[in-house]
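Structure at a glance
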Amino acid sequence: MGVGVGLTVLRQGVVLGSTALRRRLLVSLEINNKDRAYEWFLSWMAHQASTPAARSSIAAPWTRSHQLSVETMIEQRKNGSSSALFKLVAGPGTHWFRYEGAFIQVKRERETRSTQLMSGVPWETVTLTTLSRDRSLFPRLLSEARDLAMRGQEGKLVIHTAWGIEWKPFGQPRRKRPLHSVVLHPGVADKVEQDVTRFLERRQWYADRGIPYRRGYLLHGPPGSGKTSFIQALAGSLSYDICLLNLSERGLTDDKLNHLLSNAPERSFILIEDVDAAFNKRVQTSEDGYQSSVTFSGFLNALDGVASGEERIIFMTTNHVERLDPALIRPGRVDLRQLVNDASPLQARTLFTRFYGEESQEASEGLNRLANELEDIVAEESGKGRQISMAALQGLFIRNSAEEAIVTCRALFMPSTT
Ligand code: ADP
């Protein structure tokens, strides 16, 4: 009996001792998937495995791991084509790697019994454990992971879409479009740009007066006039992201919408396209008769939101401003309304010269003549009430030589005369 008691005490002692020792000697860091560092860390780990330079400087034995996960990034282009990229990341389980000479254990765990309430994504954590004398490694490692994530986005435009109640980057960051490549009627681009920059400079002014720090813009006009392109280019030039909100999305409710609008990522424009289509009769119905659970009053409430000091910039676009409910476009919800119209003669000319450029003096003379001709066609036709969209002109210029473009442009107007 004595031996039995002795052994039990000894076993308890060993367990307690090893726990105490582990507590003293080891240090852990837990990151859960609600935190942005979660994605950064997993991508950083994947990156260590994918670059030879990184592989040689940092031993990454986790790549020999048997538990891998795949993250597929779908890159969707505006012309409808898409490509998929696969990134192998450490899957749920235990992995090891060495960083600056220290061994770090990574435990990725997934909660299978409960999911995040709104988004339905399972809870996950990664726990990094290392010797406590190396605890200073963690901040360095996380900054490296953050810098890597940021570097991938530098000079790029990130588009976020809603996932349940959260915003997530959609596809790969895209190359920024230069602002001057969107040719608007003279003064239009400047007017909107100046309004946004002036708003951004007046945070304190708003705070002093207790006014919610937000601004709403409505760009209206025919399709293909450059509304979306301009908003994206403007976001890029200010190093802002875009949060694309689709009000007709299934499963979107008033509550979720409210949460999304008040929790957009920092430095981002919220872009709501074709607002008229969403609420043309105050009830939102999609083509197949599905009625969304976002109500018009819920949308207005979400736009008004609870006053908070956080900056919020909303851009809305529509092809039919006359269909919008006056309640939606009152100041406070829409502070600046701007018509973005079909091609004016000058816009057509600018787009034309931007496309065909001036290669030599001689060529530039010929081009000038053609540009004048195009300007005349557009002016003459718009005098008769016939317009051409900038998107149609762009299509024309992509497919044709400068001379052909003029001939085709003239022909384009013909069918409507009959
Ligand atoms: P909208 O949002 O007004 O329907 P988009 O911005 O989606 O129009 O434009 C559609 C296409 O036409 C884009 O590829 C864009 O490059 C081109 N485009 C439209 N308007 C312009 C413009 N004003 N300047 C340059 N390109 C334009």
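Basis of the calculations
- Residues numbered from 1 in each chain as written.
- Predicted model: local features only at pLDDT ≥ 70, side-chain atom pairs only at ≥ 80, totals over all residues.
- Heavy atoms only, no water.
- UniProt positions renumbered as here; feature names shortened; annotations may be inferred.
- Helix = DSSP H or I, 4+ residues; strand = E, 2+ residues; numbered from the N terminus.
- Buried < 20%, exposed > 50% of the residue type's maximum accessible area, 1.4 Å probe, protein only.
- Axes fitted to C-alpha atoms, helices over the stretch in contact; angles between N-to-C directions.
- Parallel < 35°, antiparallel > 145°, perpendicular 65-115°, else oblique.
- Left-handed = near helix turned anticlockwise from the far one by under 90°.
- Contact = heavy atoms within 4.5 Å.
- Nonpolar A, V, L, I, M, F, W, Y, C, P; charged D, E, K, R; others polar.
- Expected span 1.5 Å × (residues − 1).
- Pairing = 2+ DSSP bridges.
- Near = heavy atom within 4 Å.
- Polar contact = N/O pair within 3.5 Å; in protein donor to acceptor, adjacent residues only side chain to side chain.
- Areas by Shrake-Rupley, 256 points an atom, 1.4 Å probe, with all protein chains shown as cover.
- Patch = residues over 30% accessible without salt bridge, like charges linked within 9 Å, V, L, I, M, F, W, Y side chains within 5 Å.
- Salt bridge = Lys/Arg side-chain N within 4 Å of Asp/Glu carboxyl O.
- Right-handed = clockwise from strand over helix to strand, strands pointing away.

Looking up the protein in an unreviewed UniProt entry gives the name Mitochondrial chaperone BCS1, with the organism given as Hohenbuehelia grisea. Among the UniProt annotations of the protein, the heading Subcellular location (unreviewed entry) holds the following wording: "Mitochondrion inner membrane". Database annotation for the protein, UniProt heading Sequence similarities (unreviewed entry): "Belongs to the AAA ATPase family. BCS1 subfamily."

1. Some remarks on the overall build of the protein
In terms of regular secondary structure, the protein is built from 14 helices and 15 strands. Sorting the 418 residues of the protein into buried and exposed places 39% on the buried side.

2. A word on the packing of helix α11 (residues 345-356) against helix α13 (residues 390-399)
Look at α11 against α13: their axes get within 10 Å of each other, and the N-to-C directions meet at 30 degrees. When the axes of α11 and α13 are compared, the pair comes out roughly parallel. In the crossing of α11 with α13, the sense of the turn from one axis to the other is right-handed. Contacts from Q347, A348, L351, F352, F355 and Y356 in α11 reach M390, L393, Q394, L396, F397 and I398 in α13. The class makeup of the residues in the contact of α11 with α13 is 10 nonpolar, 2 polar and no charged.

3. Considering α11
With 12 residues, α11 ought to run about 16 Å at 1.5 Å a step, and its terminal C-alpha atoms sit 17 Å apart, in line with that. Listed in full, the buried residues belonging to α11 are Q347, A348, R349, L351, F352 and Y356. Following α11 by one or two positions, G357 has its phi on the positive side, about 55 degrees.

4. Quick notes on unusual backbone geometry
A positive phi angle, near 55 degrees, is found at S239, a position not held by glycine. Considering the arrangement of structural elements, one finds S239 in the loop between α7 (227-237) and β12 (241-245). For S239, a relative accessible area of 42% translates into the label partly exposed. In this model, D274 sits at a positive phi of 50 degrees, which is unusual for a non-glycine residue. Here D274 is to be found in the loop between β13 (268-272) and α9 (275-278).

5. Re the side chain of H220
With respect to the helices and strands, H220 occurs in strand β11 (residues 214-220). Leaving out residues up to four positions away in the same chain, H220 has contacts with K227, T318, V321, R337, Q338, L339 and V340.

6. Looking at the sheet that holds strand β14 (residues 312-318)
Strand order across the open sheet formed by 7 strands is β9-β8-β12-β13-β14-β11-β15, with mixed pairing between neighbours. In this open sheet, the two edge strands, each paired with only one partner strand, are β9 (166-169) and β15 (336-339). Put simply, the sheet's adjacent strands are angled 25 degrees from each other on average, direction ignored. By the bridge criterion, 7 bridges tie β11 to β14 in an arrangement that is parallel.

7. A short note on the packing of helix α8 (residues 254-262) against helix α10 (residues 296-304)
At a minimum axis distance of 9 Å, the contact between α8 and α10 shows a crossing angle of 20 degrees. Judged by the angle between their axes, α8 and α10 are roughly parallel. Where α8 crosses over α10, the handedness of that crossing is right-handed. Between α8 and α10, the residues in contact are D254, L257, N258 and L261 and G298, F299, A302 and L303, respectively.

8. Considerations on the site of the ligand
Neighbouring the ligand are 17 residues, the closest being R177, V183, T228, S229 and Q394. The side chain of T228 places a nitrogen or oxygen atom 2.6 Å from an oxygen atom of the ligand. Within the side chain of Q394, a nitrogen or oxygen atom sits 2.7 Å from an oxygen atom of the ligand. A total of 550 Å² of accessible area belongs to the ligand in isolation, and the protein chains cover 85% of it. Classifying every residue of the shell around the ligand by side-chain character gives 7 nonpolar, 7 polar and 3 charged.

9. Quick word on the pairing of β15
Side-chain alternation along β15 places L336 and Q338 on a buried face and R337 and L339 on a face that remains uncovered. By the bridge criterion, 4 bridges tie β11 to β15 in an arrangement that is parallel. Residue pairing in the sheet places L218 in a bridge with R337 of β15.

10. Brief notes about the environment of S401
Examined against the element boundaries, S401 turns out to sit in the loop between α13 and α14 (402-417). Sequence-wise, S401 and E273 are 128 residues apart; in three dimensions their C-alpha atoms are separated by 33 Å.

11. Remarks on a nonpolar patch on the surface
On the surface, V3, L7, L10 and V14 cluster together into a nonpolar patch covering about 430 Å² of accessible area. By the element assignment, V3 lies in helix α1 (residues 2-25). Given the relative accessible area of 65%, V3 is considered exposed.

12. What about the pairing of β13?
Of all 5 residues in β13, 5 are buried; the element is thus mostly enclosed. Taken together, the 5 bridges between β12 and β13 define a ladder with parallel strand orientation. If you follow L244 over to β13, its bridge partner there is L271. The β-α-β motif built from β12, the intervening α8 and the parallel element β13 has right-handed crossover chirality. Summarising the sheet, β13 and β14 pair through 4 bridges and their orientation is parallel. Of the residues in β14, the one forming a bridge with I270 is I314.

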